[in-house]
Amino acid sequence: MEQLVTTPDNAAPAQPRTSRSRRRGLAAAALLAVGALALTACGGDASGANNKDGQAGADAAAAKDASDAKIKVSAKDGSSGASINGTNVKVSGGKLTKVTLTRVDTGEKVAGSISADGSAWKPDVQLERGTKYQLAASAKDSEGRSAAENSTFTTVSPANSFIGTYTPDDGKTVGVGMPVSFNFDKAITDQKAVQSHITVSTSSGQQVVGHWFGNQRLDFRPKDYWKAGSKVTMKIDLDGVEGANGVTGVQDKTVSFTIGRSQVSTVDMNTQMMTVERDGKTLKKIPISGGSPENPTYNGQMVISEKFKETRMDGSTVGFTKKDGKGEYDIKDVPHAMRLSASGTFIHGNYWGAPSIFGQSGTSHGCVGLRDAKGANSDTPGKWFYDNSLIGDVVVVKNSKDKTIQPDNGLNGWNMSWDEWTAGSAV
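Basis of the calculations
- Residues numbered from 1 in each chain as written.
- Predicted model: local features only at pLDDT ≥ 70, side-chain atom pairs only at ≥ 80, totals over all residues.
- Heavy atoms only, no water.
- Helix = DSSP H or I, 4+ residues; strand = E, 2+ residues; numbered from the N terminus.
- Buried < 20%, exposed > 50% of the residue type's maximum accessible area, 1.4 Å probe, protein only.
- Lys, Arg positive; Asp, Glu negative; His and termini not counted.
- Salt bridge = Lys/Arg side-chain N within 4 Å of Asp/Glu carboxyl O.
- Polar contact = N/O pair within 3.5 Å; in protein donor to acceptor, adjacent residues only side chain to side chain.
- Contact = heavy atoms within 4.5 Å.
- Pairing = 2+ DSSP bridges.
- Phe/Tyr/Trp six-rings, centres within 6.5 Å; stacked < 30°, edge-to-face > 60°.

## Re the side chain of aspartate 372
Then step 1. Looking at the element boundaries, aspartate 372 is found in the loop between strand 27 (368–371) and helix 4 (381–387).
Then step 2. No salt bridge is formed by the buried aspartate 372, whose closest oppositely charged neighbour, arginine 371, lies at an N-O distance of 7.6 Å.
Then step 3. For aspartate 372, the side chain forms a polar contact with the side chain of threonine 380, separated by 2.8 Å.
Then step 4. The contact partners of aspartate 372, leaving out residues within four places of it in the chain, are Pro335, His336, Gly349, Asn350, Tyr351, Thr380, Gly382 and Lys383.

Laid out in structure tokens, this is it:
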């Protein structure tokens, strides 16, 4: 099943997996722009060897238990030009119960109000321009069934300036695989000028080099994963720097973040097992259910870029549709979901699949599923992995029938040799 972030200066990637033929277009165009993510999703079967009847029953049960509440956020997830005045949330088939809007760079909550009838929400103040926000909304229908919606977006910036939204945020502790990733809101034609005014250094002494993916994304990483416990400092000196004709930067700040313990989890599609290693020692082995033979999971090194305790996954957003135009699945409360790619690969909890599939068979539409429970509160493998994972941790998939994920599909530049990486530097 299958869903990054920024500040006036800061960003992240989004869309879920499709079948092999449809997904190729998405993966090729996937541009992690911390702020350019689309609604994501992926799916899983509800049975083991004989899936069809079991899956049909599971789908019917899930549809019957699905909430009638449908939440719509005006600021599209991943957008980089959202209105500073018109941000709102609306719901049909239910009432809003809670809406939280957070300014990502400071963690400051933006005051807002739910209408008397529970059908809408809007902020009480005008939003700041060129600022990244994260919105989380929840609602219930008349039968008390819950629905959730999330959107991370960046507000519009002046036409004659450019902003680089980046990840990770200042003061964060992240995993050893977390690159520094900039997504610029305008095409950069003088890449040397821009890159030379961004310096990334680490207390470990590792050499850090930038790599351009097209003309709007610039990532930085060392040759090998960051050293656990090190501190990374990023100096952004773009104020007045001309990135394109008549377009200058407006950012001048220093950002630092800390590398936490080293955690790398390896998913073996042959055995349908995941081995979690922390600081070089095996911490836990977890049965999983990966992509089905028709929709295999990407191979390669993938970095966790977002975490959601619960989120919606709708097959229609990634091309999995039925004849009536509706998605093959639409699960509004997928538990413990963590994004691995911009195109929609997630590692997430699965409460609708039969227990027998975990450790035995691949049943999803390309995601990695862990046994879980509805509501995201039970003591399950899905919850354990979510609680013990950081944004920036690495998940390695091997022995899948699919190809290796593209380096720019998510925060996944580790799937590029050091020679290839340094060849993409403009300085």
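Don't stop here, the text continues.
## A look at the pairing of strand 10 (residues 164–167)
Then step 1. Here strand 10 shows a buried face lined by Gly164 and Tyr166 and a second buried face lined by Thr165 and Thr167.
Then step 2. Where strand 10 and strand 12 (residues 180–184) come together, four bridges link them in antiparallel fashion. Bridging across to strand 12, threonine 165 finds its partner in asparagine 183.

## Thoughts on the sheet that holds strand 17 (residues 242–244)
Then step 1. Taken in spatial order, the three strands of this open sheet run 9-18-17, and their pairing is mixed. On the outer flanks of this sheet lie strand 9 (161–162) and strand 17, each paired with one strand and no other.
Then step 2. In terms of strand pairing, strand 17 meets strand 18 (residues 247–249) through two bridges, oriented antiparallel. If you follow glutamate 242 over to strand 18, its bridge partner there is threonine 248.

## Side note on the packing of aromatic side chains
Then step 1. The final tally for this structure, using the stated rule, is nine aromatic pairs.
Then step 2. For the ring pair phenylalanine 162 and phenylalanine 184, a centre distance of 5.9 Å and an interplane angle of 75 degrees mean the geometry is edge-to-face. Of this pair, phenylalanine 162 sits in strand 9 while phenylalanine 184 sits in strand 12, and the two are 22 residues apart along the sequence.
Then step 3. By relative accessible area, which is 0% here, phenylalanine 162 ends up buried.

Interpretation note: all reported values are geometric properties and have no functional meaning in isolation.
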